[in-house]
Amino acid sequence: MVEQGTTRVKRGMAEMQKGGVIMDVVNAEQAKIAEAAGAVAVMALERVPADIRAAGGVARMADPTIVEEVMKAVSIPVMAKARIGHFVEARILEAMGVDYIDESEVLTPADEVYHINKQEFTVPFVNGARDLGEALRRIGEGSSMLRTKGEPGTGNVVEAVRHMRTMMSQMRKVQGMSKDELMNEAKVLGAPYELLLYVHEHGKLPVVNFAAGGISTPADAALMMQLGADGVFVGSGIFKSENPEKFAKAIVEATTHYTDYVLMAELSKGLGNPMKGIEISTLTENEKMAKRGW
Amino acid sequence: MKIGVLALQGAVAEHMRMIEMAGAEAVAIKKVEQLDEIQGIIIPGGESTAISKLMNKYGFIDALIDFSNKKKPVFGTCAGLILIAKEINGTDTVHLGLMDTKVERNAFGRQKESFEVDLEIKGIAEDFRAVFIRAPYIMEVFRGEVLATFEDKIVAARDGHLLATAFHPELTLDPRIHRYFVEMVKEYQS
């Protein structure tokens, strides 16, 4: 019997993206640059996070015209963002044939309590997380891939580092726990017990976990890989840099050869200016996207 | 016996786990120099365009052609099947051009059309759970043997020391195809 949208098919798709770079693009031309640089997928958006930040107001799902334009331009998978909890935006993206949906804090949340019940979809979802509890809640809802939230559109890697380190450290702790302690830990983290048991037994998440939110140089990408990321999302970092083609290629190579420092020194020469970036402490609490999602 | 998995991008760890389950030692191959230490190689699933860019950049094209010319077995899964094919439908692009096949990319549709199904694979299994993810298929096998079809499309084939599947045998815990490849490597070693 042929089965579609199974957990294995949805999670498997993310497995194929491992070791790769997923790039934010806003039109066909950028999508082609990303594909030519060796991106494993593109995220089709109306604006990159840095511009969403600058524009203010309510950020919603992109105009389907842009998503379609990108889907026609490249043969690699195309992802698109729906607002947190906005299952109708997600259904529209699914109907369009988008390969992966990002239920994203970069957009303005549509629901302040519930995330989308992703189990019911055939298309797989990626979600952001800051810690293990949040990660396991999203997997419980049916997410097939995770990423750190970081702080999108800042070009500042510090929050992605914090989220990845937190998750890795919590997983090591859970792995070392006695089984007697797991139910209480599930309560403390707000995580489903069965998924916590999986982490205890395997020392890792049952899905792929990428880094996202503030990665803007080849060294940033390699740093996240060394901290345990399976791959990286680069949002504003490529097309807000001085030379997108060069940055895109260099970040792809650094993600593959993330411990080859001689190579990375070569890759990092003469790239031009990366995106300008924002110091996190200058953001007000309301401006922090990582706080969206529960 | 050591079997490599090309580790530029894609589902590397899963293949390594399956090679170990099939009783051989697995090595992640990131540099061409490492090809000397292995007797066979798996080119994994991933994004064929991304893997191809990195293969070109790091000299893997000539090195893997040379590896195959020495009759050391090569197994391509999904993207790997595309990378070892001699012809890709609708393009002039050839990556490694090892296996005398013509293939079609993303042939079953986009991700929401991806699926899993039980397949009969000649000489390997009668009921192999095959996971197809934005999968290609083989339009024609010009030389060699068809091992499996799905809805009349060729999804597994072998030509001597070359093996290809459109699906992902590394995503299940069934090591039969990897065991078959390990036997192939043994065969060509002697």
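Quantities reported herein were computed from a predicted structural model and do not represent experimental measurements. (Residues numbered from 1 in each chain as written. Chains lettered and ligands numbered in written order. Predicted model: local features only at pLDDT ≥ 70, side-chain atom pairs only at ≥ 80, totals over all residues. Heavy atoms only, no water.)

**Concerning the overall build of chain A**
Piece 1. Helix and strand counts for chain A come out as 13 helices and nine strands.
Piece 2. Over its C-alpha atoms chain A spans a radius of gyration of 18 Å, differing by no more than 12% from the 19 Å that the globule rule assigns to 294 residues.
Piece 3. Oriented by its inertia axes, the alpha-carbon framework of chain A measures out at about 55 × 45 × 45 Å.
Piece 4. Here chain A holds 294 residues, and 62% of them are scored as buried.
Piece 5. Restricting the contact set of chain A to residue pairs at least 6 apart, pairs at least 24 apart contribute 67%.
Piece 6. Here chain A displays about 11,400 Å² of accessible surface, and carbon together with sulfur accounts for 50% of that area.
Piece 7. Counting 33 positive and 39 negative side-chain charges, chain A places the averaged centre of each group 2 Å from the other. (Helix = DSSP H or I, 4+ residues; strand = E, 2+ residues; numbered from the N terminus. Rg over C-alpha atoms; globule rule 2.2 N^0.38 Å. Buried < 20%, exposed > 50% of the residue type's maximum accessible area, 1.4 Å probe, protein only. Contact = heavy atoms within 4.5 Å. Areas by Shrake-Rupley, 256 points an atom, 1.4 Å probe, with all protein chains shown as cover. Lys, Arg positive; Asp, Glu negative; His and termini not counted. Charge placed at Lys NZ, Arg CZ, Asp CG, Glu CD.)

**Brief notes about the packing of helix H8 (residues 182–189) of chain A against helix H9 (residues 193–202) of chain A**
All names here are of chain A.
Piece 1. It is the contact of H8 with H9, at a shortest axis distance of 9 Å, that shows an interaxial angle of 115°. For the pair H8 and H9, the crossing hand works out as right-handed. Within the contact between the two elements, H8 uses Leu182, Met183, Glu185, Ala186 and Leu189 and H9 uses Tyr193, Leu196, Leu197 and His200. (Axes fitted to C-alpha atoms, helices over the stretch in contact; angles between N-to-C directions. Left-handed = near helix turned anticlockwise from the far one by under 90°.)

**With respect to the pairing of strand S4 (residues 78–83) of chain A**
All names here are of chain A.
Piece 1. Most of S4 is tucked away: six of the six residues are buried.
Piece 2. Covered by surrounding structure in S4 are Val78, Ala80 and Ala82 together with Met79, Lys81 and Arg83, the residues of both alternating faces.
Piece 3. Judged from the three bridges that link them, strand S3 (residues 41–44) and S4 form a sheet pairing that is parallel. Residue Met43 lies in a different strand from S4, and its bridge partner there is Met79.
Piece 4. Across five bridges, the pairing between S4 and strand S5 (residues 100–104) is parallel. Paired with Ala80 across the bridge in S5 is Ile101. (Pairing = 2+ DSSP bridges.)

**Some points on the pattern of salt bridges**
Piece 1. Going through the model one piece at a time under the given rule, you end up with 37 salt bridges over all chains.
Piece 2. When the shortest N-O distance is used, the salt bridge between Glu14 of chain B and Lys18 of chain A registers 2.6 Å. One end of the pair, Glu14 of chain B, is in helix H1 (residues 12–21); the other, Lys18 of chain A, is in the loop between helix H1 (7–15) and strand S2 (21–25), on a second chain. In this structure, Glu14 of chain B and Lys18 of chain A share a single accessibility class: buried. (Salt bridge = Lys/Arg side-chain N within 4 Å of Asp/Glu carboxyl O.)

**Quick notes on the confidence of the model for chain B**
Piece 1. Confidence in the prediction of chain B, expressed as mean pLDDT, is 97, and 100% of residues score 70 or more.
Piece 2. We note a pTM of 0.96 for the whole complex and an ipTM of 0.94 for its interfaces. (pLDDT = per-residue confidence, 0-100.)

**Describing the environment of Glu112 of chain A**
Piece 1. Relative to the assigned elements, Glu112 of chain A resides in the loop between S5 and strand S6 (125–129).
Piece 2. You can call Glu112 of chain A exposed: its relative accessible area is 67%.

**Considering the sheet that holds S3 of chain A**
In sheet architecture, strand pairing relies on hydrogen bonds along the backbone and comes in two forms, parallel and antiparallel.
Residues and elements named next belong to chain A.
Piece 1. Across the sheet, eight strands lie side by side as S8-S7-S6-S5-S4-S3-S2-S9; this open sheet has parallel pairing. Only two strands of the sheet have a single partner each, and these edge strands are strand S8 (208–210) and strand S9 (232–234). Averaged over all adjacent pairs, the angle separating strand axes in this sheet is 30°, with direction ignored.
Piece 2. Sheet strands in contact with helix H12 (residues 244–256) are S2 and S9, and its direction is about 155° off that of S2.

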